[in-house]
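Listed here are the chains, written in short residue letters.
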Amino acid sequence: MKARKWGNSIGIRIPASMANSIEISDGTPIDVELDGEKIIVTPKKYDLKELLAQIPDEYEPEEINWGEPVGGEKW
């Protein structure tokens, strides 16, 4: 395995077996941290309270008309 130049950075490839074992795939948000001489990669974990706190106070969602019921929906 070799590190490779990627733009102004250095990129590495994670073997599929390792990626699968920590449940990351193409597009998975990750955290990367340096611990001495080790690089630690972990899938990013989200906290619902943290995500909700990022919604601006002035945000007012608009009502969406999904049309008439087409099955056994209860409106």
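Everything numeric here is computed off the predicted structure, so don't read it as measured data.

1. Structural notes on the UniProt feature "domain: SpoVT-AbrB" (unreviewed entry) in the protein chain
Part 1: Under the UniProt annotation, the feature "domain: SpoVT-AbrB" (unreviewed entry) is placed at residues 4-49.
Part 2: Strand forms 39% of residues 4-49 and helix 17%; the C-alpha atoms that close the span are 38 Å apart.

2. Looking at the environment of Ser17
Part 1: The residue Ser17 is located in helix H1 (residues 16-21) in this model.
Part 2: Given the relative accessible area of 56%, Ser17 is considered exposed.
Part 3: Sequence separation of Ser17 and Met1 is 16 residues, and the distance between their C-alpha atoms is 14 Å.

3. Overview of the environment of Lys45
Part 1: Structurally, the position occupied by Lys45 is in the loop between strand E4 (38-43) and helix H2 (48-53).
Part 2: Between the C-alpha atoms of Lys45 and Glu63, which are 18 residues apart in sequence, the distance is 30 Å.

4. A short note on a nonpolar patch on the surface
Part 1: On the surface, Tyr46, Leu48, Leu51, Leu52, Ile55 and Tyr59 cluster together into a nonpolar patch covering about 630 Å² of accessible area.
Part 2: Classification of Leu48 by relative accessible area gives exposed; the value is 59%.

5. With respect to the pairing of strand E3 (residues 30-35)
Part 1: In the sheet, E3 pairs with E4 via 6 bridges, with the strands oriented antiparallel. Across the sheet, Asp35 pairs through a bridge with Lys38, a residue of E4.
Part 2: Between the antiparallel neighbours E3 and E4 lie 2 residues, among them Gly36 with a positive phi of about 65°.

Parameters and conventions
Residues numbered from 1 in each chain as written. Predicted model: local features only at pLDDT ≥ 70, side-chain atom pairs only at ≥ 80, totals over all residues. Heavy atoms only, no water. UniProt positions renumbered as here; feature names shortened; annotations may be inferred. Helix = DSSP H or I, 4+ residues; strand = E, 2+ residues; numbered from the N terminus. Buried < 20%, exposed > 50% of the residue type's maximum accessible area, 1.4 Å probe, protein only. Patch = residues over 30% accessible without salt bridge, like charges linked within 9 Å, V, L, I, M, F, W, Y side chains within 5 Å. Areas by Shrake-Rupley, 256 points an atom, 1.4 Å probe, with all protein chains shown as cover. Salt bridge = Lys/Arg side-chain N within 4 Å of Asp/Glu carboxyl O. Pairing = 2+ DSSP bridges.

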